[in-house]
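# Structural overview for review
Each chain is listed here by its residues.
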Amino acid sequence: MASSSGPALNEELQCSICLEVFTDPVTTPCGHNFCRTCLSECWPNSRTCFCPLCEETFSKIPDLKINTTLREVVQHLKEKLNLGESEVLCDFCDEGKQKAVKTCLTCQSSYCETHLEPHRRVPRLKKHTLINAVEKLEDYICQKHERPLELFCRDDQTCVCLSCTEGEHRSHNTVPIEEESQEKKNQLVQTQIDVHQMIQDRMKKIQEIQHSVELRKKNADIERSASVELFTDLIRSTERCQSDQLKMMEEQQKAAEKQAEDLIKELHQEITELKRRNTELEQLSHTDDHLHLIQMSSSLDTRPHTRNWTEIRIDSDVNVNSLYRALTHLKKTQETLNEKLNQTGLKFVQKFAVDVTLDAETANPYLILSDDGKQVSDGDIEQDIPENPKRFEDSCVLAKQGFSSGRFYYEVQVKGKTQWALGVIRESIDRKEETDSFPSPEDGYWVMMQINEDQNVVCDNSVVLFPHRVNPEKVGVFVDYEEGLVSFYDVESRSHIYSFTGQTFTDKLYPFFSPGDNDGKNSNPLIITPVR
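Just so it is clear, the model here is predicted, and its values are computed rather than measured.

## Observations regarding the overall build of the protein chain
The secondary structure content of the protein chain amounts to nine helices and 23 strands. Taken over 532 residues, the protein chain has a buried fraction of 44%. Counted over contacts in the protein chain with a minimum sequence separation of 6, partners at least 24 positions apart contribute 61%. Of the roughly 29200 Å² of accessible surface on the protein chain, 46% is carried by carbon and sulfur atoms.

Here is the structure:
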């Protein structure tokens, strides 16, 4: 690990992991430089590794060589900086002043080895307080009594001289500064041990996350291979379900990898901070500058505030068995195949559920909306409401929410109705002209209708009639804007009804609702229901 170098060097000569001047710098294939030891700690026993700075991934640990040119530059600048370091000089040398080795707090002077000799020999001078030579002597002297700060007041948490204990600190708990310094050192050592353990825990967590991602990727590859192998034997109607399933798997894998990258990045940040704290603790725990140690220890002797990583996990399991069993069963009959695929498709699209409410400003005057904006029915009587350019001449209403990208899904209860229409429409259509009986995508409508008790209709540029079957009680509408897809689902039977495919959307799309005429049999409202 790189060690402290005194004055800060240019950032280009600092390792981005330990934030210190490079020691044995190595260069990754992506062109970034790190201390060799720092990088080794980031890549422990892993088949895959990545650059801690740009996060480029390498299939195996590169064979890294010492960047000798960069190492020489660092060494040259270190030597240059060391030449400029300030020194405390002896106060008693007349010519050719020597470097002071000790400062006497009693005499308030600094001495070289030669002039320090009386303090080592004369009994009276032996009682003086000597410390390593310091420049700012005033920091070690009581400014009030001009005596050495030899005691520590634990009540006021400050250094005091002997005269202070005879005045305002008379009844306070004071101890020799050496005693307090030793106690602070003991605290710092324990904190240092804790910080070191935290570093090790986070390095271990990085390994755990990397292993989980690798395992998950391996399992996903197995599942993907199994899925493709099974799907190739199925009929053409399974192709869209296969595409959706693989896309969902890819999204889940990307999400897991992104989560892992974010956690590793956060762990590296905590490790960097902990290493910086550890370096400070290491330096402080070995100093004999008691006053400086006490003044600095208050900010360093507590454990850093970091996240609790104990419960953080990356799920490495992929649900292979459930999909395998379902797809194997689907191979038996076309009817079972369609049923299972439709259930999987509905479960997938329901993840994109949105909260939809009706926009009263778009509602035809004959329609009645509930106060919560979730129900609409035909009132059979025109209401006296203000004219609005957004209001429809046809018996319909739009949602307040419009969508110009992404995917969205909502469900509508149609139970007990004999007429209704649902879907999405283009924002720019003319709302003051009555539409044809069967509006199509060319008109800006992607809708499904029930026109009587026996027939459901979709207008996909030509009218598509569905054979008589049990009418749906709840219809799900799914839109993938970028894919040009609008699909309808029977929610109760969890089956697919119809899809508009290969569409091109340019306008904002709004959910569309028409409850149909109230002829006595069709009085029930359309109800927007929560997706469960």
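## Here we look at the packing of aromatic side chains
Using the criterion set out here, one finds 11 aromatic pairs in the structure. When the centroid spacing of 5.0 Å and the interplanar angle of 5 degrees are considered together, the rings of Phe-92 and Tyr-111 count as stacked. Pair noted here: Phe-92 is in the loop between helix 2 (68-83) and strand 5 (102-104) and Tyr-111 is in strand 6 (residues 109-111), with a separation of 19 residues, a long-range link. With 5.5 Å between their ring centres and 70 degrees between their planes, Phe-348 and Phe-352 make a pair best called edge-to-face. Of the two residues, Phe-348 and Phe-352, neither departs from the other in class, the shared state being buried. Pairwise contacts between aromatic rings join Phe-348, Phe-352 and Phe-478 into one cluster.

## A few points about the sheet that holds strand 9 (residues 158-160)
Remark on secondary structure: sheet strands pair via backbone hydrogen bonds, oriented parallel or antiparallel. Reading across the sheet, the three strands line up as 9-8-10 and stay open at both edges, with antiparallel pairing between neighbours. At either margin of the open sheet sits one strand with a lone partner, and together these are strand 9 and strand 10 (174-176). Across the sheet, the mean angle from the axis of one strand to that of its neighbour is 35 degrees, orientation sign disregarded. Summarising the sheet, strand 8 (residues 151-153) and strand 9 pair through three bridges and their orientation is antiparallel. Within strand 9, the position partnered with Cys-153 by the bridge is Thr-158.

## What about a negative patch on the surface?
Judged by side-chain charge, Glu-382, Asp-384, Glu-393 and Glu-434 come together as a negatively charged surface patch. Overall, the relative accessible area of 41% leaves Glu-393 in the partly exposed class.

## Digging into the pattern of salt bridges
Scanning all chains against the criterion turns up 20 salt bridges. For Glu-180, the salt bridge identified is with Arg-154, shortest N-O distance 2.8 Å. Here the residue Glu-180 occupies a position in helix 5 (residues 177-231), and Arg-154 occupies one in the loop between strand 8 and strand 9, the gap between them amounting to 26 residues. Accessibility expressed as a relative area gives 3% for Glu-180, which makes it buried. Among the ionic contacts, a cluster of salt bridges with common partners joins Arg-154, Glu-179, Glu-180, Glu-183 and Lys-184.

## Details of the sheet that holds strand 19 (residues 474-480)
Read across the sheet, seven strands follow the order 11-12-23-14-19-20-21 without closing on themselves; strand pairing throughout is antiparallel. Of all strands in the sheet, those bounded by a partner on one side alone are strand 11 (367-369) and strand 21 (495-500). Direction aside, the axes of adjacent strands within the sheet are offset by 25 degrees on average. For strand 14 (residues 407-413) and strand 23 (residues 526-529), the ladder comprises three bridges, and the chain directions are antiparallel. By the bridge assignment for strand 23, Glu-411 is matched with Thr-529.

## Some details on the pairing of strand 20 (residues 485-490)
Within strand 20, six of the six residues are buried, which leaves it mostly tucked inside the rest of the structure. Neither face of strand 20 is left uncovered, since the one carrying Leu-485, Ser-487 and Tyr-489 and the one carrying Val-486, Phe-488 and Asp-490 both have all their residues buried. By the bridge criterion, six bridges tie strand 19 to strand 20 in an arrangement that is antiparallel. By the bridge assignment for strand 20, Asp-480 is matched with Leu-485.

## Details of the side chain of Asp-378
Position of Asp-378 among the secondary structure elements: in strand 12 (residues 375-378). The buried charged residue Asp-378 lacks any salt bridge partner; its closest oppositely charged side chain belongs to Lys-417, at an N-O distance of 8.3 Å. A polar contact is formed between the side chain of Asp-378 and the backbone nitrogen of Asn-518, at a distance of 2.8 Å. Beyond its immediate stretch of four places on either side in the chain, Asp-378 contacts Tyr-366, Leu-367, Pro-515, Gly-516, Asp-517 and Asn-518.

## Overview of the pairing of strand 12
Bridge count between strand 11 and strand 12: three bridges; the pairing is antiparallel. The residue of strand 12 that forms the bridge with Ile-368 is Ser-377. Joining the antiparallel neighbours strand 11 and strand 12 is a turn of five residues, in which Gly-373 adopts a positive phi near 70 degrees. In the sheet, strand 12 pairs with strand 23 via two bridges, with the strands oriented antiparallel. Looking at the pairing, Val-376 lines up with Leu-526 of strand 23.

## Digging into a nonpolar patch on the surface
Side chains of Phe-438, Ile-451 and Val-463 sit close together on the surface and give an oily, nonpolar patch of about 230 Å² of accessible area. Structurally, Val-463 can be placed in strand 18 (residues 463-465). The class for Val-463 is partly exposed, based on a relative accessible area of 45%.

## As for the environment of Ile-312
Tracing the backbone through its elements, the reader meets Ile-312 in the loop between helix 7 (290-297) and helix 8 (320-330). With 103 residues separating them in the primary sequence, Ile-312 and Ile-209 have C-alpha atoms 9.1 Å apart. Setting aside its immediate chain neighbours within four residues, Ile-312 contacts Lys-205, Glu-208, Leu-263 and Arg-307.

## Brief notes about the confidence of the model for the protein chain
Looking at the protein chain as a whole, its pLDDT mean stands at 80, while 82% of the residues score no less than 70. In this model residues 1-9 is a low-confidence stretch, pLDDT under 50, and it forms 25 contacts with partners more than four residues away in sequence or in other chains. Across residues 336-341 the pLDDT falls below 50, and counting only partners more than four positions away or on other chains, this stretch makes 16 contacts in the model.

## Some details on unusual backbone geometry
Excluding glycine, a negative phi dihedral is what most residues carry, and trans is how most peptide bonds are arranged. In this structure, Asp-24 is a non-glycine residue whose phi angle is positive, near 50 degrees. Secondary-structure assignment places Asp-24 in the segment before strand 1 (25-27). A residue is classified by how much of its surface remains accessible, and Asp-24, at 35% relative accessible area, is partly exposed.

## Notes on the side chain of Asp-394
Checked against the element boundaries, Asp-394 lands in the loop between strand 12 and strand 13 (397-398). Look at Asp-394: it is buried, it has no salt bridge, and the nearest opposite charge is Arg-431 at 10 Å. With residues near it in sequence (within four places) discarded, Asp-394 still touches Asn-364, Glu-433, Glu-434, Thr-435 and Tyr-445.

So, how was this worked out
- Residues numbered from 1 in each chain as written.
- Predicted model: local features only at pLDDT ≥ 70, side-chain atom pairs only at ≥ 80, totals over all residues.
- Heavy atoms only, no water.
- Helix = DSSP H or I, 4+ residues; strand = E, 2+ residues; numbered from the N terminus.
- Buried < 20%, exposed > 50% of the residue type's maximum accessible area, 1.4 Å probe, protein only.
- Contact = heavy atoms within 4.5 Å.
- Areas by Shrake-Rupley, 256 points an atom, 1.4 Å probe, with all protein chains shown as cover.
- Phe/Tyr/Trp six-rings, centres within 6.5 Å; stacked < 30°, edge-to-face > 60°.
- Pairing = 2+ DSSP bridges.
- Axes fitted to C-alpha atoms, helices over the stretch in contact; angles between N-to-C directions.
- Patch = residues over 30% accessible without salt bridge, like charges linked within 9 Å, V, L, I, M, F, W, Y side chains within 5 Å.
- Salt bridge = Lys/Arg side-chain N within 4 Å of Asp/Glu carboxyl O.
- Lys, Arg positive; Asp, Glu negative; His and termini not counted.
- Charge placed at Lys NZ, Arg CZ, Asp CG, Glu CD.
- Polar contact = N/O pair within 3.5 Å; in protein donor to acceptor, adjacent residues only side chain to side chain.
- pLDDT = per-residue confidence, 0-100.

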